[in-house]
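# What the coordinates show
One-letter residues, chain by chain:
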Amino acid sequence: MSSQIREMKTRRKELMAQMEPNSIALLAAAPVKMRNADAEYPYRQSSDFYYLTGFAEADALLALIPGRKQGEVVLFCTEKNPEKELWHGRVMGPDAAIDELAVDDAYPIGDVDEILPGLIEGRDRVYYAMGKDDQFDDRVMNWVKVIRSKSKMGAHPPGEFMMLDHLLHELRLIKSSGEIKLMTQAAKISAEGHKRAMAVCQPGMHEYELEAELLHAFTRNGSRSPAYSSIVAAGDNACILHYTENTSEVKEGDLVLIDAGCEFGHYASDITRTFPASGKFSPEQKAIYEIVLKAQEAAIKAVEPGANWDAPHKASVKVITQGLVKLGLLKGKPAELIKKQAYRDFYMHRVGHWLGIDVHDVGDYKIDEKWRLLEPGMVTTIEPGIYISPDNTKVAKKWRGIGVRIEDDVLVTRKGHKILSTGIPKTVAEIETFMAKAVH
Ligand code: GLY
Ligand code: MN
Ligand code: MN
């Protein structure tokens with residue numbers, strides 16, 4: 001059994017240990033999504049399902065039944081069929097799944113409606129991700145209906161339905177050393193992409209050409225997909241937070257903001273760098289960049305176990321507000337401007353988010369209405385930014401259209417933190433030197 005599969009087995013045990021007595025948990029694989037006509041989107045397994053199984057195929061269902069003597073972990077998946085596999089590709093099949101995924105039992109997915117009511121019957125509670133997927137909600141209710149229809153014969157339908165998300169997502173929030181290895185590798189591959197794009201960038205290119213450099217580095221290093229749509233935003237486009245068209249020409253004098261990260265082994269990276277198209281920052285671009293960099297450094301410094309989740313954000317707000325006042329872009333006392341949230345005209349998002357199998361990973365940010373405390377094993381992005389809208393007539397023209405974000409992936413360690421996304425030029429001097437040396 002591989003160490004990864006052993007770890008998934010442990011996760012299932014941990015989850016089952018936290019479930020209420022006499023319950024069952026049901027998880028479905030992600031459905032296949034159609035792009036158009038007969039063309040499918042590349043398949044991506046549900047993050048929860050993958051976390052517990054390591055199984056990447058569609059048309060599968062996992063039942064966790066703590067205390068069941070004949071087996072606690074039951075998987076339903078596509079049956080082997082040489083003729084179908086000739087058309088649609090190889091599948092694992094239930095027999096191999098028992099060994100390869102270390103589950104107790106596995107059945108063909110075609111038998112699920114026949115078998116599952118029997119597994120639910122007699123259990124008091126059903127855990128599942130209620131209200132997420134209409135089709136799955138319907139299927140669960142249909143299985144319950146089958147049990148109800150037999151209640152005169154003594155069948156006992158479940159009395160409670162519980163959200164699975166909370167228990168499972170608290171587990172996912174704390175990353176193991178195996179997960180951190182994958183996330184480090186994802187960040188390392190993404191760093192290659194960022195460096196490649198930075199090295200080849202020249203005015204006159206299009207944003208999509210830089211996107212191609214990212215994809216080239218991601219794919220040739222074993223990533224099968226970006227973790228989210230890459231943002232390659234030149235000039236004014238950098239002020240659109242989720243710009244993904246990537247169709248504009250990169251102009252002399254533009255800043256280029258690239259927010260891109262690959263997915264590796266189902267784990268995301270999420271990195272942003274902003275650099276001058278020509279290789280040299282203008283004085284205004286440099287002034288804004290230096291503030292964002294200082295804000296990022298202050299926020300990263302605030303990442304340590306026991307710190308409030310809001311501490312890094314607060315640190316970034318303080319540096320950005322003070323910096324904008326110094327440049328005359330905000331007027332007033334920093335403390336009052338922070339209270340009034342005046343910085344939000346320029347910095348309108350939070351400093352970061354959990355990162356893991358999902359780019360915006362699961363896990364609560366607040367517990368009992370209060371920001372939670374950071375713990376070793378949590379991974380967060382730290383990504384402050386300043387975006388001066390091209391339409392902002394309240395500021396001098398020379399500032400308009402400057403958009404800067406700097407984003408790294410940061411692990412909370414026992415002693416403080418570790419930046420996972422290293423090796424990409426970040427200071428003004430590092431970027432200018434790197435771009436000057438780059439062979440075009
Ligand atoms: N790439 C999306 C984000 O930074 O949250
Ligand atoms: Mn990002
Ligand atoms: Mn992010």
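Worth saying up front: this structure is predicted, and the values here are computed from it rather than measured.

## A look at the side chain of N392
Here N392 shows up in the loop between β18 (385-387) and β19 (403-405). Dropping the residues within four chain positions of it, N392 is found in contact with F346 and R400.

## Some thoughts on the state of the cysteines
Taken as a whole and judged by the stated rule, the model has zero disulfides. Free of any disulfide, C239 has its nearest neighbouring cysteine sulfur in C201, separated by 17 Å.

## Observations regarding the site of ligand 1
Every residue close to ligand 1 is listed here: Y228, D259, D270, H353, H360, E383 and E407. H360 places a side-chain nitrogen or oxygen 2.7 Å from an oxygen atom of ligand 1. Protein burial of ligand 1: of its 190 Å² of free accessible surface, 90% is covered by the chains. Its residues placed into classes, the shell around ligand 1 shows one nonpolar, two polar and four charged.

## Description of the pairing of strand β4 (residues 61-64)
Covered by surrounding structure in β4 are L61 and A63 together with L62 and L64, the residues of both alternating faces. Pairing geometry for strand β1 (residues 23-28) and β4, over four bridges, is antiparallel. Within β4, the residue paired with L26 across the bridge is A63. With four bridges joining them, β4 and strand β5 (residues 73-77) adopt antiparallel strand pairing. By the bridge assignment, A63 is partnered in β5 with V74.

So, how was this worked out
- Residues numbered from 1 in each chain as written.
- Chains lettered and ligands numbered in written order.
- Predicted model: local features only at pLDDT ≥ 70, side-chain atom pairs only at ≥ 80, totals over all residues.
- Heavy atoms only, no water.
- Helix = DSSP H or I, 4+ residues; strand = E, 2+ residues; numbered from the N terminus.
- Contact = heavy atoms within 4.5 Å.
- Disulfide = S-S within 2.5 Å.
- Near = heavy atom within 4 Å.
- Polar contact = N/O pair within 3.5 Å; in protein donor to acceptor, adjacent residues only side chain to side chain.
- Areas by Shrake-Rupley, 256 points an atom, 1.4 Å probe, with all protein chains shown as cover.
- Nonpolar A, V, L, I, M, F, W, Y, C, P; charged D, E, K, R; others polar.
- Buried < 20%, exposed > 50% of the residue type's maximum accessible area, 1.4 Å probe, protein only.
- Pairing = 2+ DSSP bridges.

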